[in-house]
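One letter stands for each residue in the lines below.
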Amino acid sequence: MSDKTIGPGATVTLHFAIKLEDGQLVDSNFESAPATFTLGDGNLLPGFEEPLIGLAAGSESTFTIVPEKGFGMPSPANIQRLPRAQFKDMELEPGLVVSFKEPGGELPGVVQSFDEQVVHIDFNHPLAGKTLLFDVKILQVA
């Protein structure tokens, strides 16, 4: 095993789990293949990379990621009012995820509320405003 620690440009192989504060699992690869990324390559948000700096292979830890370092705070500007007519062939309910075609691909939005004239769609990231627990097991640092 190497003494190399995680720093700028290091290639890291790890298992991770992301959980809500109440322990609800959001994502994990502990039961599957590990992930490999290079620190600073944009695959991880900086708020998830920062606590890894200085860790070495074999390290296991849990970090608390506050919303400002994770997926940010929800923005009222990301809640859009769209004409109900756009959804005429859909059975709507609050919490329904709807995919919208955009020039860059698909953009998911969540139905927040609706009436006969308008539908309120929330385009904030589902984890915006959430404090997260980030469990990691560092397998390799190169």
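Description of the structure in this document. (Residues numbered from 1 in each chain as written. Predicted model: local features only at pLDDT ≥ 70, side-chain atom pairs only at ≥ 80, totals over all residues. Heavy atoms only, no water.)

**Description of the overall build of the chain**
Here is step 1: When its secondary structure is counted, the chain shows one helix and nine strands.
Here is step 2: For the chain, the N- to C-terminal ordering of α and β elements is β-β-β-α-β-β-β-β-β-β.
Here is step 3: Taken against the 2.2 N^0.38 rule, which gives 14 Å for 142 residues, the C-alpha radius of gyration of the chain at 19 Å runs more than 25% over that of a compact globule.
Here is step 4: Counting all 142 residues of the chain, 35% fall into the buried class.
Here is step 5: Long-range pairs, those at least 24 residues apart, make up 61% of the contacts in the chain between residues at least 6 apart in sequence.
Here is step 6: Charged side chains of the chain number 9 positive and 19 negative; the gap between the two group centres comes to 3 Å. (Helix = DSSP H or I, 4+ residues; strand = E, 2+ residues; numbered from the N terminus. Rg over C-alpha atoms; globule rule 2.2 N^0.38 Å. Buried < 20%, exposed > 50% of the residue type's maximum accessible area, 1.4 Å probe, protein only. Contact = heavy atoms within 4.5 Å. Lys, Arg positive; Asp, Glu negative; His and termini not counted. Charge placed at Lys NZ, Arg CZ, Asp CG, Glu CD.)

**Observations concerning the environment of Met90**
Here is step 1: On the secondary structure map, Met90 appears in the loop between strand S5 (79-83) and strand S6 (97-102).
Here is step 2: Since its relative accessible area comes to 33%, Met90 is described here as partly exposed.

**Quick notes on the nonpolar core**
Note that soluble globular proteins tend to have their nonpolar side chains buried in a common cluster.
Here is step 1: Formed by 20 residues in total, the largest nonpolar core has its most connected members in Ile6, Leu52, Phe134, Val136 and Ile138.
Here is step 2: Secondary-structure elements contributing two or more residues to this core are strand S1 (11-20), strand S4 (60-65) and strand S9 (132-141).
Here is step 3: Aside from chain neighbours lying at most four places away, what touches Ile138 is Ile6, Val12, Thr13, Leu14, Leu52, Leu55, Ala56, Ala57, Gly58 and Ser59.
Here is step 4: Within the second largest apolar cluster, eight residues are counted, among which are Phe87, Leu92, Val119 and Ile121. (Core = buried A, V, L, I, M, F, W, Y, C linked by side-chain atoms within 4.5 Å.)

**Notes on the pattern of salt bridges**
Here is step 1: Applying the stated rule across the entire model yields three salt bridges.
Here is step 2: In this structure, Lys101 and Glu106 form a salt bridge, with 3.4 Å as the shortest nitrogen-oxygen distance.
Here is step 3: Judged by relative accessible area, which is 71%, Lys101 ranks as exposed. (Salt bridge = Lys/Arg side-chain N within 4 Å of Asp/Glu carboxyl O.)

**Brief notes about the packing of aromatic side chains**
Here is step 1: Tallied over the entire structure, the rule returns four aromatic pairs.
Here is step 2: Consider the rings of Phe48 and Phe134, whose centres lie 4.9 Å apart with planes at 85 degrees: the pair is edge-to-face. Taken together, the residues span a long stretch of sequence, with Phe48 in helix H1 (residues 46-49) and Phe134 in strand S9 at a distance of 86 residues. By the burial criterion, Phe48 is buried, and Phe134 matches it. (Phe/Tyr/Trp six-rings, centres within 6.5 Å; stacked < 30°, edge-to-face > 60°.)

**Concerning the side chain of Thr13**
Here is step 1: Within the secondary structure layout, Thr13 lies in strand S1.
Here is step 2: Residue classification places Thr13 among the buried positions, given a relative accessible area of 13%.
Here is step 3: Ignoring any residue separated from it by four or fewer positions in sequence, one finds Thr13 in contact with Pro34, Ala35, Thr36, Lys137, Ile138, Leu139 and Gln140.

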